[in-house]
Amino acid sequence: MNPMRHGVLSFILLSILVLAGCTDKPAESEVKRLEGAIFGTFWMVSLADPVSDSRLTELRQGIQETLERVDWQMSTWKPESELMQLNAHPVGEWRPVSADLMRVLALSQEISAQSDGAFDITVGNLVNLWSFGPEQRPDSIPEPELLAARLETAGYQGLELDSEAGKARRQADFFIDLSGVAKGFGVDEVARYLAAEGLQNYLVNIGGDIVAAGQRAAEQSWRIGIELPHSGVQVAHHIIPVTNMSVATSGDYRNYFEVAGQRYSHTINPVTGWPIDHRVASVTVLAPENMDADAWATAMMVLGTEGLPLAEALGLRVLMLERQGEDWVTHLSSAMVEYLGEEKARSLLQGG
């Protein structure tokens, strides 16, 4: 995947910080941690279940193998990956795809339709044009003619899937980029691996995308800190408890480039072909599976506050931070308020 963007399995977006427990709970050392690197970013797994050192070694190997499998399926940085083979396949011709890739493609298409194209995996050529993809173009504004040409070929409606036969085809010469969903799938796959190994209390963190299962300690949920959107400064402003839930954040304040004093976000609006240009600095989404949270965080980041009615209609758990001059305002969807509880939601809305 692309190590330059959020959502791609590689960009280190630290807008979600995992917080340690309170001092009256078991010591931090009682939580075992495994760490590694994949997709151009870090992965970290915290285990609250009793695990021997030899078992830890086995689990680390299993986690790494799981992530490497996903990377070989969905990377845009490996010419031999399954996704890149699909991208290179002749337009209009069907190509067999694995069950894993089909699952991610199908979810992507579903969210594209629900978001009216705010989430669209066929805009990889536009991402590359804006220098956030594997083409690594210079940090400059694309020529209007080239941008228009690439925008014309994109569009999720041009990707056809035959789930029963396990095959897909592109009806136009677009470039499929799973940046906004594949990292989430990787998080889910690690969680499924740990569950299959009998673990019940753990936290998986891949470049800021998180799934939390069970508890960190007796009567103590895992706690996640939502970072303030101030460039260069990590401050856990909003702290939320998370149990048996996934968390993903999309933001425009850590990956961008500037031309003539104008800042351009890495998040591309699939409808216009241009980087987003609104006051929303970050969007955090909670969902049972991380690939859903990952994709919807991207879609909501594209939509900005105009996406809040859609979040209400679909019952999405959304926390949105919007700039207001030097300050910010927090928006919470009704489903997020219900998840957090009225008291905690009120505290967040008041800046606590």
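Look up: the structure comes first, before these words.
All figures in this text were calculated on a predicted structure; none of them were measured in a lab.

Caption draft 1: The arrangement of the nonpolar core in detail. Counting residues in each nonpolar core, the largest one holds 42 residues, and the members touching the most others are Leu105, Ile176 and Leu178. At the level of elements, helix H1 (53–74), helix H2 (82–88), helix H3 (99–114), helix H6 (182–196), strand E14 (280–287), helix H7 (290–303), helix H8 (308–314) and strand E15 (317–324) are the ones that each hand at least two residues to this core. Discounting chain neighbours no more than four positions away, the residues touching Leu105 are Leu86, Ile121, Leu159, Leu161, Ala168, Ile176 and Leu178. The next biggest cluster of nonpolar side chains, apart from the first, holds 22 residues, and it includes Val45, Leu47, Ile63 and Val211.

Caption draft 2: Quick peek at the packing of aromatic side chains. Throughout the structure, instances matching the rule amount to 0 aromatic pairs. Its guanidinium or amino end placed over the ring of Trp72, Lys78 lies 5.4 Å from that ring's centre, counting from NZ or CZ. Of note, Lys167 hangs over the ring of Trp94, and the distance from its end group to the ring centre comes to 5.1 Å.

Caption draft 3: Quick peek at the pairing of E14. The buried fraction of E14 amounts to 8 of the 8 residues, a majority that puts the element mostly inside the structure. Looking at chain direction, strand E11 (residues 245–251) and E14 are connected through 6 bridges and run antiparallel. Bridging from a neighbouring strand, Ser246 pairs with Ala287 of E14. Sheet topology note: the E14/E15 ladder contains 6 bridges and is antiparallel. Bridge pairing links Ser282 to Leu321 in E15.

Caption draft 4: Looking closely at the sheet that holds E11. Spatially, E2-E3-E7-E8-E11-E14-E15-E16 is the arrangement adopted by the 8 strands of the open sheet, whose pairing is antiparallel. Of all strands in the sheet, those bounded by a partner on one side alone are strand E2 (32–38) and strand E16 (327–332). The sheet shows a mean angle of 15 degrees between the axes of neighbouring strands, direction not considered. Sheet topology note: the strand E7 (residues 202–206)/strand E8 (residues 209–213) ladder contains 5 bridges and is antiparallel. Its bridge partner lying in E8, Val204 is registered against Val211. H1 rests against E2, strand E3 (41–47) and E7 of the sheet, and its axis sits at about 30 degrees to E2. This element, H7, spans E8, E11, E14 and E15 of the sheet and lies at about 25 degrees to E11.

Caption draft 5: Layout of H7. An ideal rise of 1.5 Å per residue puts 20 Å on 14 residues; H7 measures up with 20 Å between its terminal C-alpha atoms. Counted residue by residue, H7 has 12 buried out of 14 residues, so it is predominantly covered. Taken together, the buried positions of H7 are Asn290, Met291, Ala293, Asp294, Ala295, Trp296, Ala297, Thr298, Ala299, Met300, Met301 and Val302. Residue Gly304 follows H7 closely and has a positive phi angle near 65 degrees.

Caption draft 6: Fine view of the packing of H3 against H6. Put simply, H3 and H6 touch, their axes get as near as 12 Å, and they point 130 degrees apart. Our classification of the angle between H3 and H6 gives oblique. Between H3 and H6 lies a crossing of right-handed hand. From H3, Asp100, Arg103 and Val104 reach across to H6, where they touch Phe185, Glu189 and Arg192.

Caption draft 7: Layout of the side chain of Thr267. Structurally, Thr267 is set in the loop between strand E13 (262–265) and E14. Residue class for Thr267 comes out buried when judged on its relative accessible area of 5%. Those residues in contact with Thr267 that sit more than four places away from it in its chain are Ser250, Trp274, Pro275, Ile276, Met301 and Val302.

Rules used in this analysis
Residues numbered from 1 in each chain as written. Predicted model: local features only at pLDDT ≥ 70, side-chain atom pairs only at ≥ 80, totals over all residues. Heavy atoms only, no water. Core = buried A, V, L, I, M, F, W, Y, C linked by side-chain atoms within 4.5 Å. Buried < 20%, exposed > 50% of the residue type's maximum accessible area, 1.4 Å probe, protein only. Helix = DSSP H or I, 4+ residues; strand = E, 2+ residues; numbered from the N terminus. Contact = heavy atoms within 4.5 Å. Phe/Tyr/Trp six-rings, centres within 6.5 Å; stacked < 30°, edge-to-face > 60°. Lys NZ or Arg CZ within 6 Å of the ring centre and 35° of its normal. Pairing = 2+ DSSP bridges. Axes fitted to C-alpha atoms, helices over the stretch in contact; angles between N-to-C directions. Expected span 1.5 Å × (residues − 1). Parallel < 35°, antiparallel > 145°, perpendicular 65-115°, else oblique. Left-handed = near helix turned anticlockwise from the far one by under 90°.

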